[in-house]
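Each chain is listed here by its residues.
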Amino acid sequence: MAEANNEIYIKEKNEDFMTLLSGIMGQKKRIHIHIGDILDKELDVIAKENDNGNKQIQALAQAIDDSILTSYKLWPTNYIAYDLLYKSNQFADRYTENEKQLFERRLEIKIDQDNPVALEGFLNMYANPVVNKLKYQNAH
């Protein structure tokens, strides 16, 4: 929001941790926690195939991304947000009409409908995991 309003935003100390904590402690309907495998084999391959430290870091980041994106659990809200954001019905088979109505109601309550930047930002927050998973699947 600050960027959209040409404002400078400075994070508070421990802001990321506090945001994560409030998300964990907040009201949830469903959660999914996945602990990936240890990437020791990948680390060995990266070390053998790359003698440049920068390339090793890039390869490690890719290995971590691969691990996250293959196990990331998408929920109906992710698919609803994607369809709303991109004005599609591509994932309509992944959610019910009732789930969509509840999500839209939550949008109305939480987001100023006259603020397109806030609305798009909220939808992107939920839709981006779908976008990332699609990019990943198309790249592999």
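Asks: Before we move on, could you go through the side chain of asparagine 50 and cite the residues and values that matter?
Replies: The topology assignment puts asparagine 50 in the loop between α2 (40-49) and α3 (53-71). For asparagine 50, a relative accessible area of 16% translates into the label buried. Discounting residues that sit within four places of it in the chain, asparagine 50 has contacts with Lys55, Gln56 and Ala59.

Asks: Explain the packing of helix α4 (residues 76-85) against helix α5 (residues 97-110) residue by residue, including any values.
Replies: Viewed as axis vectors pointing N to C, α4 and α5 meet at an angle of 70 degrees, and their least axial separation amounts to 10 Å. Put simply, α4 runs roughly perpendicular to α5. Residues Pro76, Thr77, Ile80, Ala81 and Leu84 of α4 pack against Glu99, Lys100, Phe103, Glu104, Arg106 and Leu107 of α5. Its residues assigned to classes, the contact of α4 with α5 comprises six nonpolar, one polar and four charged.

Asks: Kindly report on the pattern of salt bridges, identifying the contributing residues and their values.
Replies: A complete count under the given rule lists two salt bridges for this structure. Across the salt bridge formed by aspartate 93 and arginine 94, the nearest N and O atoms sit 3.9 Å from each other. Here arginine 105 ties to glutamate 108 by a salt bridge, and the two come within 3.2 Å at their closest N and O atoms. Residue arginine 105 and its partner glutamate 108 are both found in helix α5; the two are separated by three residues, about one turn of the helix.

Asks: Could you give me a rundown of helix α6 (residues 116-139), with the residues and numbers involved?
Replies: Approximately 45 degrees is the largest bend angle found in α6, and it occurs at alanine 127, with the proline proline 129 only one to four residues beyond. Among the residues making up α6, those that are buried are Ala118, Phe122, Leu123, Tyr126, Ala127, Pro129, Val130, Val131, Lys133 and Tyr136. Summarising the contacts, the buried residues of α6 are in contact with α3, α4 and α5.

Asks: Break down the layout of surface pockets for me, with residues and values.
Replies: Of the pockets and cavities examined, the largest pocket occupies roughly 1600 Å³. In this structure, the largest pocket is lined by 34 residues; those nearest its centre are Lys28, Arg30, Trp75, Thr77 and Tyr126. Mapped onto the lining of the largest pocket, the elements with two or more residues apiece are α1 (15-25), α3, α4, α5 and α6. Residue composition of the lining of the largest pocket, by class: 16 nonpolar, 11 polar and seven charged.

Asks: Give me the packing of α5 against α6: which residues, what numbers.
Replies: Taken N-terminus to C-terminus, the directions of α5 and α6 make an angle of 140 degrees; their axes are 11 Å apart at the nearest point. Regarding the angle of α5 to α6, the classification is oblique. As for the relative orientation of α5 and α6, their crossing is right-handed in sense. Residues Phe103, Arg106, Leu107 and Lys110 of α5 pack against Leu119, Phe122, Leu123 and Tyr126 of α6.

Definitions and limits used
Residues numbered from 1 in each chain as written. Predicted model: local features only at pLDDT ≥ 70, side-chain atom pairs only at ≥ 80, totals over all residues. Heavy atoms only, no water. Helix = DSSP H or I, 4+ residues; strand = E, 2+ residues; numbered from the N terminus. Buried < 20%, exposed > 50% of the residue type's maximum accessible area, 1.4 Å probe, protein only. Contact = heavy atoms within 4.5 Å. Axes fitted to C-alpha atoms, helices over the stretch in contact; angles between N-to-C directions. Parallel < 35°, antiparallel > 145°, perpendicular 65-115°, else oblique. Nonpolar A, V, L, I, M, F, W, Y, C, P; charged D, E, K, R; others polar. Salt bridge = Lys/Arg side-chain N within 4 Å of Asp/Glu carboxyl O. Bend = angle between axes of the 7 residues up to and from the residue. 1 Å grid on protein atoms, 1.4 Å probe; cavity = no way out; pocket = protein on both sides within 12 Å on 5 of 7 lines; lining within 4 Å. Points joined across faces, edges and corners; volume = space filled by probe spheres on them. Left-handed = near helix turned anticlockwise from the far one by under 90°.

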